[in-house]
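A closer look at the structure
Residues per chain are reported as follows:
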Amino acid sequence: SASIQCHPLYYFPNGTHIFRVCIHFQSRTYFLKTFHQIENTLYKLHNDILTVHSTLFKDMFTIGEAGPYPPVEGKTDTDPILLESEQQAVFDLFLDHINGRWVFTIYYRVHSPLTELCSSRSVGSDNAYSHEQLWNLLRFADKYHCPMTRLFVIDHIWDARYSYHPTELVQLGSQFKVPKLFICGFKLLLDIPLKQIRKEQCLQMGNDVFIALTYAKSLLEEHTCLVAYEEPVILTHTDDCPDPLACQEDWHNVWWNGMGRFLLDVRNPQPFADAVKRFWELQFGHMGTGCMKLMFQTLDCGAGFRHADVFIADICSGLVDELHLADS
């Protein structure tokens, strides 16, 4: 088993409580199971800092002090408070966050041998955390009821949300009950063809979400086909329209050959906003200038196209309620 050692940065001489982080792994032979310790580190920390950031630690200290006898656990190296199954790296991330630059500054000045260790901790940097570190820190914050750390991690993930695969955002949002991450990931998935979503990513998002995704994509594709085929109707032709019948016919032909092609292009389908921009560049035959301006105003207003946005919002809202993501 790993020998017990004091953490080089987070064993404060004047700390109030001692913690031991230890991880066990199990090896098995035919007759015997053996448990090995691969991490075994002591921390001496200040309870006033921990209680500000964790309601679980606050309750732990409060219950310990409320008894008839003074608490013994956590007061000596031989009887520390055990944090089993927690990785030292994750606990260090949490302590980096709640102590911030203060630890870096004090130890940099007092303990010169720790210069290399301290300089590697970019606590205040936006680029200090990998995806895995943020995931683990969010799990730790949920487990130990650390609301400020939770918000800190969620903000970091949100700022870098486009660096995550949408299925990761969906999983983060559903596992840790963060509706905005879930909704963002689900909406991004709607733009990805199903054949490009791998099996492990389908499993990552869960059956309910995957079923809802396929249902939503099917209805959105049907709606796109309807929009591509049925052009907005010219209800009233303007005074400068030379031939209303020819105007309507050319509008229909240009719509199908232009917007239909942009929206239904199998190899490179265009979202509606981009399709409209390209549509403006086409030639409109015998259409009157006034009629063209009138129909472009109709397109700018999104008439007939906002149904998709409303449908997506309803699907997302329904999933948030069904998965109880707003309960936390």
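Below is a short write-up of the structure. (Residues numbered from 1 in each chain as written. Predicted model: local features only at pLDDT ≥ 70, side-chain atom pairs only at ≥ 80, totals over all residues. Heavy atoms only, no water.)

Attention shifts here to the overall build of the chain. Within the chain, the regular secondary structure consists of 15 helices and four strands. Looking at the chain as a whole, 40% of its 328 residues are labelled buried. A separation threshold of at least 6 residues defines the contact pool for the chain, and within that pool the share at least 24 residues apart is 67%. Split by element, the accessible area of the chain, about 19,100 Å² in all, is 56% carbon and sulfur. (Helix = DSSP H or I, 4+ residues; strand = E, 2+ residues; numbered from the N terminus. Buried < 20%, exposed > 50% of the residue type's maximum accessible area, 1.4 Å probe, protein only. Contact = heavy atoms within 4.5 Å. Areas by Shrake-Rupley, 256 points an atom, 1.4 Å probe, with all protein chains shown as cover.)

Before going further, it helps to examine the packing of helix H9 (residues 179-189) against helix H11 (residues 207-229). As a packed pair, H9 and H11 sit with axes 10 Å apart at the nearest point and diverge in direction by 45 degrees. Classified by the angle between their axes, H9 and H11 sit oblique to one another. The interaxial crossing formed by H9 with H11 has right-handed handedness. Here H9 contributes Phe 182, Phe 186 and Leu 189 to the contact with H11, which in turn contributes Val 209, Ala 212, Leu 213 and Lys 217. (Axes fitted to C-alpha atoms, helices over the stretch in contact; angles between N-to-C directions. Parallel < 35°, antiparallel > 145°, perpendicular 65-115°, else oblique. Left-handed = near helix turned anticlockwise from the far one by under 90°.)

What follows covers the layout of surface pockets. Estimated volume of the largest pocket: approximately 1,300 Å³. Of all the elements in the fold, those that place two or more residues in the lining of the largest pocket are H11, helix H12 (244-264), helix H13 (272-279) and helix H15 (306-322). No other element matches H11, which puts seven residues into the lining of the largest pocket. A breakdown of the residues in the lining of the largest pocket according to their chemical character gives 17 nonpolar, six polar and nine charged. (1 Å grid on protein atoms, 1.4 Å probe; cavity = no way out; pocket = protein on both sides within 12 Å on 5 of 7 lines; lining within 4 Å. Points joined across faces, edges and corners; volume = space filled by probe spheres on them. Nonpolar A, V, L, I, M, F, W, Y, C, P; charged D, E, K, R; others polar.)

Note that Val 153 resides in helix H7 (residues 147-159). In sequence terms Val 153 and Leu 137 are 16 residues apart; their C-alpha atoms lie 7.2 Å from each other. Discounting chain neighbours no more than four positions away, the residues touching Val 153 are Leu 134, Leu 137 and Leu 138.

Before going further, it helps to examine the side chain of Asp 250. Here Asp 250 lies in helix H12. In this structure Asp 250 is buried but unpaired, with Arg 261 as the nearest side chain of opposite charge at 15 Å. Residues contacting Asp 250, with those up to four places away along its chain left out, are Phe 284, Gly 285, His 286 and Met 287. (Lys, Arg positive; Asp, Glu negative; His and termini not counted. Salt bridge = Lys/Arg side-chain N within 4 Å of Asp/Glu carboxyl O.)

For the structure on display, the rule yields 23 aromatic pairs. An angle of 20 degrees between the planes, with centres 6.4 Å apart, marks the rings of Phe 91 and Phe 94 as stacked. With Phe 91 and Phe 94 both in helix H3 (residues 88-99) and three residues apart, this pair spans about one turn of that helix. Phe 94 shares its class with Phe 91; the two are buried. (Phe/Tyr/Trp six-rings, centres within 6.5 Å; stacked < 30°, edge-to-face > 60°.)

A word on helix H6 (residues 131-143). The terminal C-alpha atoms of H6 lie 18 Å apart, and with 13 residues this matches the ideal 18 Å at 1.5 Å per residue to within 8%. Every buried residue belonging to H6 is among Leu 134, Asn 136, Leu 137, Leu 138, Phe 140 and Ala 141, and all of these are buried. Structurally, H6 contributes buried residues whose contacts are with H3, H7 and helix H8 (166-175). Immediately downstream of H6, the backbone of His 145 shows phi near 55 degrees, a positive value. (Expected span 1.5 Å × (residues − 1).)

Turning to unusual backbone geometry, a few remarks are in order. Residues other than glycine seldom take positive phi values, yet Lys 177 does so here, at roughly 55 degrees. Looking at where Lys 177 falls in the secondary structure, it is placed in the loop between H8 and H9. The exposure class assigned to Lys 177 is partly exposed, which follows from its relative accessible area of 29%. A positive phi angle, close to 55 degrees, is found at His 324, a residue other than glycine. Counting through the fold element by element, His 324 comes out in the segment after H15.

Membership of the largest hydrophobic core comes to 37 residues, with the highest contact counts inside it found for Phe 19, Leu 45, Leu 50, Phe 91, Phe 94, Leu 95 and Ile 157. Ranked by the residues each element gives to this core, the list is headed by H3, at six residues. Grouped together as the second largest cluster of nonpolar side chains are 21 residues, Leu 190, Leu 213, Cys 316 and Leu 325 included. (Core = buried A, V, L, I, M, F, W, Y, C linked by side-chain atoms within 4.5 Å.)

Over its 21 residues, H12 runs 28 Å from end to end, which matches the ideal 30 Å to within 8%, given 1.5 Å per residue. At Trp 255, H12 shows its largest bend, some 30 degrees. Residues of H12 that are buried include every one of Ala 246, Cys 247, Asp 250, Trp 251, Val 254, Trp 255, Gly 258, Met 259, Gly 260, Phe 262 and Leu 263, and no others. Elements that come into contact with the buried residues of H12 comprise H11, H13 and helix H14 (289-300). (Bend = angle between axes of the 7 residues up to and from the residue.)

Between H11 and H12, the shortest axis-to-axis distance is 8 Å and the interhelical angle comes to 160 degrees. Between H11 and H12, the crossing angle belongs to the class labelled roughly antiparallel. In this structure, the crossing between H11 and H12 has a hand that is right-handed. Residue-level contacts link Thr 224, Cys 225, Val 227, Ala 228 and Tyr 229 of H11 to Trp 255, Trp 256, Gly 260, Leu 263 and Leu 264 of H12.

Nothing here speaks to function; it is all geometry.
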